[in-house]
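# Chains, contacts and geometry: an overview
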Amino acid sequence: MNLSHAIAGTRSARGFTLVELLVTLAVIGLLAGAVALTLPDDSSAFRREVDDFAARLSLARDEAILGVREVQVSADARGYDTSRRGFDGWQPLRAGPFQAVAWRDGTQPLFPGERQRATFRFDATGAAQPAELQLMNKVHRLRVRVDLAGKVNVDAPG
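Reference entry: report on the structure contained in this document.

About the cut-offs
Residues numbered from 1 in each chain as written. Predicted model: local features only at pLDDT ≥ 70, side-chain atom pairs only at ≥ 80, totals over all residues. Heavy atoms only, no water. Pairing = 2+ DSSP bridges. Helix = DSSP H or I, 4+ residues; strand = E, 2+ residues; numbered from the N terminus. Axes fitted to C-alpha atoms, helices over the stretch in contact; angles between N-to-C directions. Salt bridge = Lys/Arg side-chain N within 4 Å of Asp/Glu carboxyl O. Buried < 20%, exposed > 50% of the residue type's maximum accessible area, 1.4 Å probe, protein only. Phe/Tyr/Trp six-rings, centres within 6.5 Å; stacked < 30°, edge-to-face > 60°. Contact = heavy atoms within 4.5 Å. Patch = residues over 30% accessible without salt bridge, like charges linked within 9 Å, V, L, I, M, F, W, Y side chains within 5 Å. Areas by Shrake-Rupley, 256 points an atom, 1.4 Å probe, with all protein chains shown as cover.

## A closer look at the sheet that holds strand S9 (residues 152-155)
Within a sheet, neighbouring strands are paired by backbone hydrogen bonds and run either parallel or antiparallel to one another. Judged by pairing direction, the sheet is antiparallel, and its 4 strands sit side by side in the order S5-S7-S8-S9 without closing on themselves. This sheet does not close on itself; its edge strands, each paired only once, are strand S5 (108-110) and S9. Sheet twist, expressed as the average angle between the axes of neighbouring strands with direction ignored, equals 25 degrees.

## Details of the pattern of salt bridges
A full pass over the atoms with the stated rule returns 7 salt bridges. For arginine 143, the salt bridge identified is with aspartate 155, shortest N-O distance 3.0 Å. Of this pair, arginine 143 sits in strand S8 (residues 141-146) while aspartate 155 sits in strand S9; the two residues are 12 residues apart in sequence, bridging distant segments of the chain. Overall, aspartate 155 belongs to the partly exposed group, its relative accessible area being 22%. Residues joined in a network through salt bridges with shared partners are Asp76, Arg78 and Arg117.

## Details of the packing of aromatic side chains
We describe a pair of aromatic rings using the distance from one ring centre to the other and the angle between the two ring planes. Here the structure, examined in full by the defined rule, presents 4 aromatic pairs. An aromatic cluster is built from Phe53, Tyr80, Trp103 and Phe120, whose rings are joined through pairwise contacts.

## Focus on the pairing of strand S7 (residues 131-136)
Moving residue by residue along a regular strand, the side chains alternate between the two faces of the sheet. Across the 6 residues of S7, 5 count as buried, placing the element largely inside the fold. As defined by bridge partners, S5 adjoins S7 across 3 bridges and the pair is classed as antiparallel. Across the sheet, the residue bridging to leucine 110 is glutamine 134, located in S7. In textbook terms, the turn of a hairpin is the stretch between consecutive antiparallel strands, and for S7 and S8 this stretch comprises 4 residues.

## Here we look at unusual backbone geometry
Within the chain, valine 68 stands out as a residue other than glycine whose phi angle is a positive 50 degrees. Looking at the secondary structure, you find valine 68 in the loop between helix H3 (42-67) and strand S1 (71-75). Given the relative accessible area of 61%, valine 68 is considered exposed.

## A word on the side chain of threonine 82
The topology assignment puts threonine 82 in strand S2 (residues 79-86). Classification of threonine 82 by relative accessible area gives buried; the value is 4%. Ignoring anything within four residues of it in the chain, the contact list for threonine 82 reads Ala60, Val71, Gln72, Val73, Pro92, Leu93 and Phe98.

## Topic: a nonpolar patch on the surface
Together, Leu18, Leu22, Leu25 and Ile28 make up a nonpolar patch on the protein surface, roughly 440 Å² of accessible area in all. Tracing the backbone through its elements, the reader meets leucine 25 in helix H2 (residues 18-38). Since its relative accessible area comes to 56%, leucine 25 is described here as exposed.

## Observations regarding the side chain of serine 74
By the secondary structure assignment, serine 74 is in strand S1. A relative accessible area of 7% means that serine 74 is categorised as buried. If we ignore the near neighbours within four places in the chain, the residues touching serine 74 are Gly79, Tyr80, Asp81, Arg117, Ala118 and Thr119.

Nothing here speaks to function; it is all geometry.
Below, the structure is given as structure tokens:
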């Protein structure tokens, strides 16, 4: 064995081939793509917030039926809260899912007319005064509506 073969053998033993480097980069690229696809985007966070608001309205309806008292959810520019009619007026509900909630940064409510507040009121039978509120962020807009029967719907404004 001559000296040039010995030197060439030690060089290849110390480094990576071009194919090995390309395969490694391809695997890293695939893993980075998979991670990027699993990250939540702004629209899914906004949709989740609107769905949470709609779920709270449904819980308020259930509370009105089970508690045999009127329950209302009031929303303003800061967020929303829930209250129940008592003998001496409206009393805030603060326990469990009825805690006051602030809108996330970037979420803006659009109130009908010149109002600065939207109120969703459910009576003891679950019926409601029809009401709606549009919520928007930089890109999306969704509407939450409550019909006369107290059914809560989320859709895109038409």
